[in-house]
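Now for the letters of each chain:
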Amino acid sequence: MSDTPLLTTPEAFREAYDRSVRDPEGFWAELASTFRWHKPWSRVLSWNFDRPEIRWFEGARLNITENCLDRHLETRGDQTAILWEPNDPSDPTRRYTYRALHTEVCRAANALKELGVRKGDRVCFYMPMVPELAIGVLACARIGAVHSVVFAGFSANALADRIQDAQCRLVICSDTNQRGAKAIPVKEVVDEALASGCPSVEHVLILRHTGDPVSMTAGRDLWWHDLVDRQEGDCPAEIMDAEDMLFILYTSGSTGKPKGVVHTCGGYMVYVWYTFLQVFQYRQGDLYFCTADIGWITGHSYIVYGPLLAGASVVMFEGVPTFPTPARFWDIIDKHGVHQFYTAPTAIRALMALGDEWVEGHDLSSLKVLGSVGEPINEEAWHWYHRHVGREKVPIVDTWWQTETGGILISPIPGATPMKPGYATFPLPGIQPCLVDNEGRLLEGPVAEGMLCFRFPWPGILRTTYGDHERCRTTYFSQFPGLYFSGDGARRDADGQYRIIGRVDDVINVSGHRIGTAEVENAINLHPEVVESAVVGYPHDIKGQGIYAYVITRHPVPDTAAFRKEVLAVVTKEIGPIAKPDRIQIVSGLPKTRSGKIMRRILRKIAAADFSGMGDTSTLLNPEIVEEIRAGAMKV
Ligand code: WTA
């Protein structure tokens, strides 16, 4: 929107940042006023981090899809909203203008209504990266239903857990899916999940995507084309309260099952729109490409909502970076003339390892901003990205944020703030980070290293965890009273720039995917031969972190290769292939404190092959085990 100037100079940034701290309510209210609201707010912000209770734009009424779609019809109805690039480059590209997207979303919304889906009902998506996923998600928002997108790499069990937790009435999926050269039986996984007992599900809506045959359950299963295509292309938007739920997205934590992070309509809308515009310096006419999957928060905020709210043209890609060749991203950038490109360090490292020749020979001169997200980007990968993709002139935005934060919190803004390899740099306007030590003492200074926390809410912060508010409080707001705790450690340099070190809790970040060690352990423990297990992360060249599992078995294992295979199969079945351990070590015991707590610090060091400074192990219940594990680790 033209009335919100991009921050293009250090002065403009400074001014915006200072104002956002001095007068946060005025700052956000002004930005929010550019949207279409049916009723203005009575209060910009009320908050309490102890309970926690956070409300933005209280009393205001709106529908986010009117701001994503209807609002653009007059000014850019014929402009591309979504340009879809299929898995197989020989298949045709699909293009939706804002007008066409509006019509499709309305059709899908009417279809949901015909199925009895109402405001507040939960709808689960288990789909490949096809336009209908974005359409379906927006259709939910259109009628006030709550979407819960589950990444289509999760197993039937993981899917069933998420469907049950949210008590979804409807599941939307595809027949099958082709990801790279791999075929994924999407509908079959849904059938398996539902067979395990998900009584809340009344219907399954299936998109014919590959055309592969699937089995249909009469009365429950319907085809998307039978239901959606015959609907009216107009559907009035359900007018929502700013604090009504927009979506649930499950994410892993240090303990227990994944939790459903809840985002609401008004604040999330303002936040993802503003950060999209500023971080990517998006200007009308630009083409923006984010390689994330809509199954993760990056896809929600920076493929669907942020770009569409900004009236942007966005490339949505079904496939993988290496299919049919490792030049696929660069081919897409050149084919369409992409201006902003947003991907993950794991993809950069994987492509870097396959050789420069795949990127060389590409023009790439359309690029203006390169983005990175999901995990720390190591300096080698940063420089490769900068040199080979950015040709040493395109700025890189290393964007730090989380499912819980809704949008980007710490990132350079090209032109307005500096970039520094390895650093997410400065907080965006409206964001007030701080570092604390283990006891919660505020670390002053610019130079410090500690736990990354935030002392003031921004509009996109999570409001609760679905069905369990207490869990939200204990996870994020209780370690350090009065602060939101991210779970990450960070370092601040003399200029006040932040460098993210990584998780300080029992969450590992594998290829940018968050995996809870407890989840993997619970899965491994289901193997009948397993007595106990301990899972830790270790440095991995491509994935950032790999998964290392220490396993105690009931009996000596005669065939370790076969046993490992079985363990991988259990984990794949319980969670999905993304959680498969890279290394499994069979041990006779685990180092424990006298109170029975596993000493993960020691296990992490051994997994990293870092045998220095193990610390004093004499206080352990079983100090002798450390040497055994260490010797065994050499052979894994
Ligand atoms: C990590 C993804 C370093 C971090 C948007 C965080 C990062 C977790 C960065 C959230 C970055 C994300 N530099 N680490 N630029 N971005 N992380 O919820 O540990 O899938 O806590 O959200 O990813 O992962 P999530």
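Below, the structure is looked at part by part. Residues take numbers from 1 onward in each chain, read along the sequence in its written order. Residue-level local features of this predicted model are given only where pLDDT is at least 70; pairs of side-chain atoms are given and counted only at 80 or more, and the full residue set underlies all totals for whole chains, interfaces and linings. Calculated side-chain values reflect all of the structure's heavy atoms, with hydrogen atoms and water omitted.

**Looking at the site of the ligand**
In these notes, residues near a molecule or strand are those with any non-hydrogen atom within 4 Å of it. Residues in close proximity to the ligand total 17 residues, the closest being Asp398, Thr399, Thr403, Arg503 and Arg514. As used in this structure description, the phrase polar contact means that two N or O atoms lie within 3.5 Å; if the pair is within protein, one of them must be able to donate a hydrogen and the other to accept it, and residues adjacent in sequence are counted only when both atoms belong to side chains. Between the ligand and Thr399 there is a distance of 2.7 Å, counted from a nitrogen atom to a backbone nitrogen or oxygen. Starting from 530 Å² of accessible surface for the ligand in isolation, the protein chains cover 97%. Only runs of H or I of at least four residues qualify as helices and only runs of E of at least two qualify as strands under DSSP, and these elements are numbered from the N terminus. Every element with two or more residues in the shell around the ligand is listed here: helix H10 (297–309), strand E20 (396–399) and strand E25 (498–503). Any residue that is not Ala, Val, Leu, Ile, Met, Phe, Trp, Tyr, Cys, Pro, Asp, Glu, Lys or Arg is counted as polar, Gly included; the first ten are nonpolar and the last four charged. Residue composition of the shell around the ligand, grouped by class: 6 nonpolar, 6 polar and 5 charged. Under the convention used here, a 1.4 Å probe and the Shrake-Rupley method define accessible areas, while residue burial counts only the protein chains that appear.

**Remarks on the side chain of Gln497**
Mapped onto the elements, Gln497 comes out in the loop between strand E24 (484–492) and E25. Not counting residues up to four positions away in its chain, the partners in contact with Gln497 are Pro418, Lys420, Tyr423, Thr425, Phe426, Arg491 and Arg492. Here, two residues are considered to be in contact whenever any of their heavy atoms come within 4.5 Å of each other.

**Some points on the sheet that holds strand E4 (residues 80–85)**
Two strands pair under a simple rule: DSSP has to find at least two bridges between them. Pairing is mixed across the open sheet formed by 7 strands, whose spatial order is E5-E4-E17-E16-E18-E19-E20. Where the open sheet ends on each side, the last strands, each with one partner, are strand E5 (94–97) and E20. When the angles between neighbouring strand axes are averaged without regard to direction, this sheet yields 20°. Across 3 bridges, the pairing between strand E16 (residues 287–290) and strand E17 (residues 313–317) is parallel. Residue pairing for E17: Leu287 is matched across the bridge by Ser313. Where helix H5 (residues 131–143) meets the sheet, it contacts E4, E5 and E17, and its direction lies at approximately 25° from that of E5. Fitted lines through C-alpha atoms give the axes, limited to the stretch in contact for helices. The angle between two N-to-C directions lies from 0 to 180 degrees.

**Some remarks on empty space enclosed by the protein**
Both cavities and pockets are sets of points on a 1 Å grid over the protein atoms alone; in a cavity a 1.4 Å probe fits but cannot get out, in a pocket the set is open with protein on both sides within 12 Å along at least five of seven lines, and lining residues sit with an atom within 4 Å of a point. Grid points are joined across faces, edges and corners, and a volume is the space filled by probe spheres set on the points. Applying the stated rule across the entire model yields 1 cavity of 30 Å³ or more. In this model, the largest cavity occupies a volume close to 40 Å³. In terms of lining, the largest cavity is formed by Val149, Val150, Phe151, Phe154, Arg162, Leu249, Tyr250, Gly295 and Trp296. When grouped by side-chain class, the residues that make up the lining of the largest cavity number 7 nonpolar, 1 polar and 1 charged.

**As for the pattern of salt bridges**
Side-chain pairs of opposite charge can arise where the charged atoms are in close proximity. Definition used for salt bridges: Asp or Glu carboxyl oxygen within 4 Å of a side-chain nitrogen of Lys or Arg. According to the stated counting rule, one finds 42 salt bridges in the structure shown. For Arg230, the salt bridge is made with Glu114, and the minimal N-O distance between the two is 2.9 Å. With a gap of 116 residues between them, Arg230 in the loop between helix H8 (224–227) and strand E13 (240–241) and Glu114 in helix H4 (residues 98–114) connect regions that are remote in the sequence. Its relative accessible area of 53% is what places Arg230 among the exposed residues. Relative accessible area decides the class of each residue, using a 1.4 Å probe on protein chains only: under 20% of the type maximum gives buried, over 50% gives exposed, and in between gives partly exposed. Overall, Glu114 belongs to the partly exposed group, its relative accessible area being 42%. The residue Arg503 makes a salt bridge to Asp505 at a minimum N-O spacing of 2.6 Å. Residues participating in the shared-partner salt-bridge network are Arg51, Glu53, Arg55 and Glu58.

**Concerning the packing of aromatic side chains**
The criterion for an aromatic pair is that two Phe, Tyr or Trp rings (for Trp, the six-membered ring) have centres within 6.5 Å, with stacked assigned to planes under 30 degrees apart, edge-to-face to planes over 60 apart and tilted to the rest. The full count for this structure, using the stated rule, is 46 aromatic pairs. Relative to Tyr17, the ring of Phe13 has its centre 6.1 Å away and its plane inclined at 25°; by these criteria the two rings are stacked. Of the two residues, Phe13 and Tyr17 are both situated in helix H1 (residues 10–22); the distance of 4 residues between them amounts to about one turn of the helix. Seen from their ring centres, Phe276 and Tyr288 are 4.8 Å apart, and the 90° between their planes marks the pair as edge-to-face. In this pair, Phe276 is assigned in helix H9 (residues 265–280) and Tyr288 in strand E16, connecting sequence segments 12 residues apart. Considered together, Phe276 and Tyr288 belong to a single accessibility category, that of buried residues. Through pairs of rings, three or more aromatic residues link up here, namely Phe27, Trp28, Phe35, Trp37, Trp41, Trp56, Phe57, Tyr271, Trp273 and Tyr274. Each ring is checked for a lysine NZ or an arginine CZ that lies within 6 Å of its centre and within 35 degrees of its normal; such an atom marks a charge sitting over the ring. The ring of Trp84 has Arg94 lying over it, and the distance from NZ or CZ to the ring centre is 5.2 Å. Across the ring face of Phe154, the terminal group of Arg162 is positioned such that the distance to the ring centre comes to 4.3 Å.

**Thoughts on helix H15 (residues 517–524)**
The buried fraction of H15 amounts to 7 of the 8 residues, a majority that puts the element mostly inside the structure. Inspection of H15 places Thr517, Ala518, Glu519, Val520, Glu521, Ala523 and Ile524 among the buried residues, and these make up the whole buried set.

**Brief notes about the pairing of strand E18 (residues 340–343)**
Burial along E18 is two-sided: Gln340 and Tyr342 facing one way and Phe341 and Thr343 facing the other are all buried. Pairing of E16 with E18 involves 3 bridges; the strand directions are parallel. Following the sheet pairing, Phe289 is matched in E18 by Phe341. For the handedness criterion, the strands are oriented away from the viewer, and a crossover whose path from the first strand over the helix to the second runs clockwise is classed as right-handed. In this fold, E18 hands off to helix H12 (residues 345–353), which returns the chain to strand E19 (residues 369–373); that crossover is right-handed.

**Details of the nonpolar core**
The biggest cluster of nonpolar side chains holds 124 residues, and the ones touching the most others in it are Trp37, Phe57, Leu101, Phe280 and Tyr305. Ranked by residues supplied to this core, first place goes to H9 with 12 residues. Other than its neighbours up to four places away in sequence, Phe280 contacts Thr275, Tyr288, Tyr302, Gln340, Tyr342, Val369, Val397 and Ile408. One finds Cys124, Ala152, Val520 and Val530 within the second-largest nonpolar core, a separate group that totals 49 residues. As used in this record, nonpolar core signifies buried Ala, Val, Leu, Ile, Met, Phe, Trp, Tyr and Cys residues forming a set joined through side-chain atoms within 4.5 Å.

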